[in-house]
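# Examining the three-dimensional arrangement
Listed below are the residues making up each chain.
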Amino acid sequence: MLTDVNMTINGREVSGKVEARTLLVEFIRDHLKLTGTHVGCDTTQCGCCVVHVDGRAVKSCTILALQARGTSVTTIEGLAKPDGSLHPMQEAFREHHGLQCGFCTPGMVMMGIDIARRHPNADEHTVRHELEGNICRCTGYQGIVEAIVDASRTMATAGEKV
Amino acid sequence: MQDFTFHMPAAVADASGLLGSCEDPKLIAGGMTLLPTLKQRLAEPTDLIDLGAIADLKGIRREGEHIVVGAMTCHADVAASELVLSTIPGLAMLAGQIGDPAVRHRGTIGGSCANADPAADYPAGIVGLGATVVTNQREIAGDDFFVGLFETALEPGEIITAMRFPVPKWSHYMKLRHPASGYAVVGVMIVDTGAGVRVAVTGAGPSAFRVTAMEEALSADFSAKAIDAIKVDADGLNADMHASAAYRAHVIGVLAKRAIAARR
């Protein structure tokens, strides 16, 4: 049985028909074809699927699309400005080379923004602690942590609101 | 996962009605345990009743000498609550150590307690703080709520609506966190109620329990030394690939002493 679902994704009203068991990440990737959000573990551990639901980082593999009805969702595709200029967090990941293969990167960037909002001017210890739900198998986290520390300063200074 | 019919009632009474009328329903709160369980087909309910749209179940408020936390309040909100931080900092500390930040944005106090995972953190808070579990039918003393492994005093059709915590004089939570899952291998909540000391343990047994020998010793003399000689019996404690029963029994004493040392 299909059920109507509607939400705002990256500022755009979207709707569709889904099975009740459809995960939010499946709706985002398979129905809306926004494939920037990745599925790594599908068990709430790796953080590759992190998106913002009503401004808060959640793992989109562990929430049903129907649970997100009526919410405002931001994915990695919703960060850059229409002119292509990057979000400060994306810019910092580029600057500090916070990635190698890039698979975990969308989740890292979305979680990084969530961390920076909750901890303006976050220090390294805070960032490492807060990243415990995001797993990267390439980089050893050094560049990722540097990027988030840096962007949390930029965002705090700019009074960043995304 | 198997498909199901999804319901999102706007009131507790509607959720209760659905529990009675659906063939094999399950309530879903934050879903941090239930959704992974459904993915593995360890549960295959015909209907999921989501409590997320019931506004009455969310929020934290003070009622006299008690702090009332709505069942659908997420861990992140408890951890960051000014009210909780200023009245029961041990509870905020506990909530802030559950899972990871994204999990804390979805997981709820009611869901965690209803699930009664032996390694969940909240049961130590409910039992240690002497909280009252408020349901749509009655009130249950925290001491009587956790009955066994994944088993609570809840009756079929009963829905937790809030947790009511008496404001203690002092409280602290210490946890040996499993490095991969984040669950408590052992978690110890120590509370000075003003009328005595309570010591509650999660992770170590089939469900949260109190260590009365420590409570008596600490009520007389609140110091790490007072419980130095108290050995927790390993008999009946959990043993798995992560830790033996004897290790868990030992760690209860270590964490209790660290919690005591944290009091200034």
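The shown structure was predicted, so the numbers you read here are calculated from the model rather than taken from an experiment.

### Quick word on the overall build of chain A
In terms of helices and strands, chain A carries five helices and five strands. Reading the helices (α) and strands (β) of chain A from amino to carboxyl end gives β-β-α-β-β-β-α-α-α-α. Over its C-alpha trace chain A gives a radius of gyration of 15 Å, about what one expects of a compact globule, namely 15 Å for 162 residues. Over its C-alpha atoms, taken along the principal directions, chain A stretches across nearly 50 × 30 × 25 Å. Looking at chain A alone, contacts between residues at least 24 apart form 57% of all its contacts between residues at least 6 apart.

### Description of the overall build of chain B
From N to C terminus, chain B includes eleven helices and 14 strands. The C-alpha atoms of chain B give a radius of gyration of 18 Å, which matches the 18 Å a tight globule of 264 residues would have. Each principal axis of the C-alpha distribution contributes one length, and for chain B these read about 55 × 45 × 30 Å. A buried classification covers 55% of the 264 residues belonging to chain B. Considering only residue pairs separated by 6 or more positions, chain B has 58% of its internal contacts joining residues 24 or more positions apart. Counting only carbon and sulfur atoms, one obtains 51% of the accessible surface of chain B, whose full area is about 10,800 Å². One way to put it: in chain B the 22 positive side-chain charges average out to a point 9 Å from where the 29 negative ones average out.

### A look at helix α2 (residues 88-95) of chain A
Residues and elements named next belong to chain A. Listed in full, the buried residues belonging to α2 are M89, Q90, A92 and F93. For α2, the buried positions fall inside an angular range of 160 degrees around the axis, keeping them on one side. Set apart from the buried face of α2 by more than 90 degrees, the exposed residues are R94 and E95. Tucked into the core, α2 has its buried residues touching α3 (105-118) and α5 (142-158). Note on α2: the residue one or two positions beyond its end, H97, has a positive phi of about 50 degrees.

### Topic: the pairing of strand β13 (residues 197-202) of chain B
Side-chain direction in a regular strand flips from residue to residue, so the side chains alternate between the two faces of the sheet. All names here are of chain B. Among the six residues of β13, six are classified as buried, and the element is accordingly described as predominantly covered. Residues V197, V199 and V201 of β13 are buried on one face, and the alternating residues R198, A200 and T202, pointing to the opposite face, are buried as well. Pairing of strand β12 (residues 184-192) with β13 involves six bridges; the strand directions are antiparallel. Across the sheet, G187 pairs through a bridge with T202, a residue of β13. Linkage of β12 to β13, two consecutive antiparallel strands, is achieved through a turn of four residues, within which G194 is found at a positive phi near 105 degrees. Two elements, β13 and strand β14 (residues 209-210), share two bridges in a ladder whose sense is antiparallel. Across the sheet, residue V201 finds its bridge partner in β14, namely F209. Connecting β13 to the next strand, β14, in antiparallel fashion are six residues, including G203 with a positive phi near 85 degrees.

### So, the interface of chain B and chain A
Contact residues are listed per partner, giving 30 residues for chain B and 25 residues for chain A. Between chain B and chain A lies a buried interface of about 2,200 Å² when both sides are counted; carbon and sulfur atoms form 57% of it. Looking only at chain B, the three residues that lose the most surface to chain A are D3, K39 and H105 of chain B, adding up to 26% of its buried area. Our count for the chain B to chain A interface comes out at five salt bridges. One salt bridge in this structure joins D100 of chain B and K59 of chain A, with 2.6 Å as the shortest N-O distance.

### Quick notes on α3 of chain A
All names here are of chain A. Helix length check: α3, at 14 residues, gives a terminal C-alpha distance of 20 Å against a target of 20 Å (1.5 Å per residue), a fit within 8%. Where burial is concerned, most of α3 is hidden: twelve out of the 14 residues are buried. Residues of α3 that are buried: T105, P106, G107, M108, V109, M110, M111, G112, I113, D114, I115 and A116.

### Points about the environment of A92 of chain A
All names here are of chain A. Tracing the sequence through the fold places A92 in helix α2. A C-alpha to C-alpha distance of 17 Å links A92 and N134, two positions 42 residues apart in sequence. Not counting the four nearest positions on each side in its chain, A92 is found in contact with A147 and A151.

### Things to note about the packing of α2 of chain A against α5 of chain A
To characterise two packed helices, one gives the angle between the axes of the helices and the distance between these axes. Residue and element names in this part refer to chain A. Contact geometry of α2 with α5 gives a least axis separation of 8 Å together with a crossing angle of 140 degrees. What the angle tells us is that α2 and α5 run oblique. Read as a crossing pair, α2 and α5 show a hand that is right-handed. Within the contact between the two elements, α2 uses P88, M89, A92 and F93 and α5 uses I144, A147, I148, A151, T154 and M155.

### Comments concerning unusual backbone geometry
Here the phi dihedral of Y141 of chain A falls at roughly 70 degrees; this positive angle occurs in a residue that is not glycine. Inspection of the secondary structure assignment puts Y141 of chain A in the loop between α4 (124-130) and α5. With phi around 55 degrees, A116 of chain B is a residue other than glycine that occupies positive phi space. As for its position among the elements, A116 of chain B is in the loop between α7 (109-115) and α8 (122-128). You can call A116 of chain B buried: its relative accessible area is 2%.

### Quick word on the domain arrangement of chain B
One frequent convention defines the size of an interface as the accessible area lost when the parts assemble. All names here are of chain B. For chain B, the assigned domains are domain 1 (5-50) and domain 2 (58-261). A straight line from the C-alpha centre of domain 1 to that of domain 2 covers 26 Å. Listed per partner, the contact involves nine residues of domain 1 and 13 residues of domain 2. Summed over both partners, the interface of domain 1 with domain 2 buries about 840 Å², with 72% contributed by carbon and sulfur atoms. When the buried surface of domain 1 facing domain 2 is broken down by residue, V12, A29 and M32 rank first, second and third, together holding 48% of it. The tally of links from domain 1 across to domain 2 stands at zero residue pairs in polar contact (both at pLDDT 80 or more). Broken down by element, the side of domain 1 that touches domain 2 gets its largest block of residues, four residues, from helix α1 (residues 12-21). The residue makeup of the side of domain 1 that touches domain 2, split by class, is six nonpolar, three polar and no charged.

Basis of the calculations
- Residues numbered from 1 in each chain as written.
- Chains lettered and ligands numbered in written order.
- Predicted model: local features only at pLDDT ≥ 70, side-chain atom pairs only at ≥ 80, totals over all residues.
- Heavy atoms only, no water.
- Helix = DSSP H or I, 4+ residues; strand = E, 2+ residues; numbered from the N terminus.
- Rg over C-alpha atoms; globule rule 2.2 N^0.38 Å.
- Contact = heavy atoms within 4.5 Å.
- Buried < 20%, exposed > 50% of the residue type's maximum accessible area, 1.4 Å probe, protein only.
- Areas by Shrake-Rupley, 256 points an atom, 1.4 Å probe, with all protein chains shown as cover.
- Lys, Arg positive; Asp, Glu negative; His and termini not counted.
- Charge placed at Lys NZ, Arg CZ, Asp CG, Glu CD.
- Arc of directions from axis to C-beta.
- Pairing = 2+ DSSP bridges.
- Buried area = accessible area lost by both parts, 1.4 Å probe.
- Salt bridge = Lys/Arg side-chain N within 4 Å of Asp/Glu carboxyl O.
- Expected span 1.5 Å × (residues − 1).
- Axes fitted to C-alpha atoms, helices over the stretch in contact; angles between N-to-C directions.
- Parallel < 35°, antiparallel > 145°, perpendicular 65-115°, else oblique.
- Left-handed = near helix turned anticlockwise from the far one by under 90°.
- Domains from an automatic or database assignment.
- Polar contact = N/O pair within 3.5 Å; in protein donor to acceptor, adjacent residues only side chain to side chain.
- Nonpolar A, V, L, I, M, F, W, Y, C, P; charged D, E, K, R; others polar.

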